[in-house]
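Structure assessment
The primary structure of each chain is shown beneath.
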Amino acid sequence: MESAVKRIGVLTSGGDAPGMNAAIRAVVRTAMKNSIECVGIRRGWAGLITGDICPMNSGSVSRIINRGGTVLYTARSDEFRTPEGQKKAANTCKLLGLDGIVAIGGDGTFRGAQDLSRFGVSVVGVPGTIDNDIVCTDYTIGFDTAANTAVECIDRLRDTMQSHERCSVVEVMGRHAGYLALYVGVAVGATAVLVPEHQYDFEKHVAEKIRAARLGGKTNFMIVVAEGAASAMDVGKEIKEHLGLDPRVTILGHIQRGGSPTAKDRVLATRMGYEAVRVLAEGMTNRVICVRDDQIVNVDIDEGLAMKKTLNAEEFEVMTVMTGV
């Protein structure tokens, strides 16, 4: 069957995530297999406005599957948030003869795709963010790598905390969502995990859990804080003031967004990139590529962004039981 598109663009926008390069590679190679030209758009929506492009072929995506970050770079664009900026981007698509855009990023990227689609451009979103906060998919590219990076860092910190019988407060990324913090907290056997989905209460969520752990014989404690739940520095100060401990605070920051992607991120990114091109080739538009029960599916972008996502209740219950409170 003849493809509904002849030339497409691929871009990465918002925060970078390990596995984005694997998705770019899959988009380019799947496009080539279907005799579709592929253009790389550098620096996200800002690059689409200015026409910051590069031709993509098999050679340009060779040996990038193992690289972190994004070879197309990424940026945020205030101009693209305006109707005028969106019109400029749509005009670039007309000028370059782009029949469709594959946008890899988070919810902000998808909302940008929504806006661009109103100007008649076919768009497909691929979820790439370590926060795992895209409501319509079980999994986002980069989450597994970020979680493994955080676990490795915390395991190293714990060695020192055990040696010195201290309390450690570690802040992980996640914006306004606690998925990464909860997942990491369970993986490292944290004493307590603070997530933005539950209003922070020092006595209930930290003090009681540290006391229970101490009464159970522990002399070192690990508190994992999602960046959107509370300030790790403030939590550390409260621990010192109210419990008399001398905590060490570590903010992992952007180290979680770097590094070579795990096998899981590489494989899922590749499957998602393949599906994105297939969807455009079949003439579909305004879709988000999702993982559901380990199957790659696509949903309407408006429907997907309107969904509500909550923490995994079973995972949260497990974490609560493991803390002994």
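The structure we're discussing is the one just above.
In what follows, the accompanying structure is described. Every value quoted in this text rests on a predicted model; they were computed, and no experiment measured them.

Conventions and cut-offs
- Every chain is numbered on its own, with residues counted from 1 as its sequence reads.
- Selection of residues for local features in this predicted model requires a pLDDT of at least 70, selection of side-chain atom pairs for listing and counting requires 80 or more, and totals for whole chains, interfaces and linings are taken over all residues.
- The basis for the side-chain values is all heavy atoms of the structure; hydrogens and waters are excluded.
- What counts as an axis is a line fitted to C-alpha atoms, over the stretch in contact for a helix, and the angles between N-to-C directions run from 0 to 180 degrees.
- Numbering of helices and strands starts at the N terminus; helices are DSSP runs of H or I of at least 4 residues and strands are runs of E of at least 2.
- Should an angle fall under 35 degrees it is called roughly parallel, over 145 degrees roughly antiparallel, and 65 to 115 degrees roughly perpendicular, with every other angle called oblique.
- The handedness criterion is simple: a crossing whose near helix is rotated anticlockwise from the far helix by less than a right angle is left-handed, and one whose near helix is rotated clockwise is right-handed.
- Working rule for contacts: check all heavy atoms of both residues, and any pair within 4.5 Å makes them a contact.
- Residue polarity follows a fixed list, in which Ala, Val, Leu, Ile, Met, Phe, Trp, Tyr, Cys and Pro are nonpolar, Asp, Glu, Lys and Arg are charged, and the others, Gly among them, are polar.
- Any two strands are treated as partners once DSSP identifies two or more bridges connecting them.
- A pairing counts as a salt bridge when a side-chain nitrogen of Lys or Arg comes within 4 Å of a carboxyl oxygen of Asp or Glu.
- The buried label goes to any residue with under 20% of its type's maximum accessible area, the exposed label to any with over 50%, and the partly exposed label to all in between, with areas taken from a 1.4 Å probe on protein chains only.
- What makes a nonpolar core is a set of buried Ala, Val, Leu, Ile, Met, Phe, Trp, Tyr and Cys residues whose side-chain atoms join them at distances within 4.5 Å.

Next up on the list: the packing of helix α7 (residues 202–215) against helix α8 (residues 232–243). Running from amino to carboxyl end, α7 crosses α8 at an angle of 60 degrees, the nearest separation of the two axes being 11 Å. Taken as axis vectors, α7 and α8 run oblique relative to one another. Helix-helix and strand crossings are classified by hand; for α7 and α8 the assignment is right-handed. Here α7 contributes Phe202, Val206, Ala207, Ile210 and Arg211 to the contact with α8, which in turn contributes Val235, Glu238, Ile239, His242 and Leu243. Across the contact of α7 with α8, the residue classes break down as seven nonpolar, one polar and two charged.

A few words now on the sheet that holds strand β4 (residues 100–105). Strand order across the open sheet formed by seven strands is β3-β2-β1-β4-β5-β10-β11, with mixed pairing between neighbours. The open sheet is flanked by β3 (53–55) and β11 (295–300), the only strands paired with a single partner. Sheet twist, expressed as the average angle between the axes of neighbouring strands with direction ignored, equals 25 degrees. As defined by bridge partners, strand β1 (residues 7–12) adjoins strand β2 (residues 37–41) across five bridges and the pair is classed as parallel. By the bridge assignment, Gly9 is partnered in β2 with Val39.

Another point: the pattern of salt bridges. Within this structure, the stated rule accounts for 16 salt bridges. Measuring nitrogen to oxygen at the nearest pair gives 2.6 Å for the salt bridge that ties Asp52 to Arg43. Judged by its relative accessible area of 18%, Asp52 is buried. The salt bridge partner of Arg211 is Glu203, with a shortest N-O separation of 2.6 Å. According to the relative accessible area criterion, Glu203 is partly exposed, its value standing at 36%. Each of Asp107, Asp131, Asp133 and Arg175 takes part in a single network of salt bridges with overlapping partners.

Moving on: the nonpolar core. Counting 79 residues, the largest nonpolar core has Ile8, Val102, Ile223, Val224 and Ile239 as the members making the most contacts within it. Considering each element in turn, this core owes the most residues, eight residues, to helix α9 (residues 263–281). Once residues lying within four places of it in the same chain are set aside, the contact partners of Val102 are Ile8, Gly9, Val10, Leu11, Val27, Val124, Val126, Ala276 and Leu280.

We now examine the packing of helix α5 (residues 143–164) against helix α6 (residues 179–188). Here α5 crosses α6 at 45 degrees, and the two axes come no closer than 9 Å. Relative to α6, the element α5 is oriented oblique. In this structure, α5 crosses over α6, and the sense of that crossing is right-handed. Contacts between α5 and α6 involve Phe143, Ala146, Ala147, Ala150, Val151, Ile154, Asp155 and Arg158 from the first element and Tyr179, Leu180, Tyr183, Val184, Ala187 and Val188 from the second. Residue composition of the contact of α5 with α6, by class: 12 nonpolar, no polar and two charged.

Within the secondary structure layout, Ile289 lies in strand β10 (residues 287–292). Distance in space between the C-alpha atoms of Ile289 and Thr323 is 36 Å, their sequence separation being 34 residues. Residues contacting Ile289, with those up to four places away along its chain left out, are Val124, Gly125, Val126, Pro127, Met272, Glu275, Ala276, Val279, Ile296, Val297 and Asn298.

For the rest of this paragraph, the subject is the environment of Ala192. One can find Ala192 in strand β7 (residues 192–194). Considered as a pair, Ala192 and Val224 are 32 residues apart in the sequence and their alpha carbons are 6.3 Å apart.

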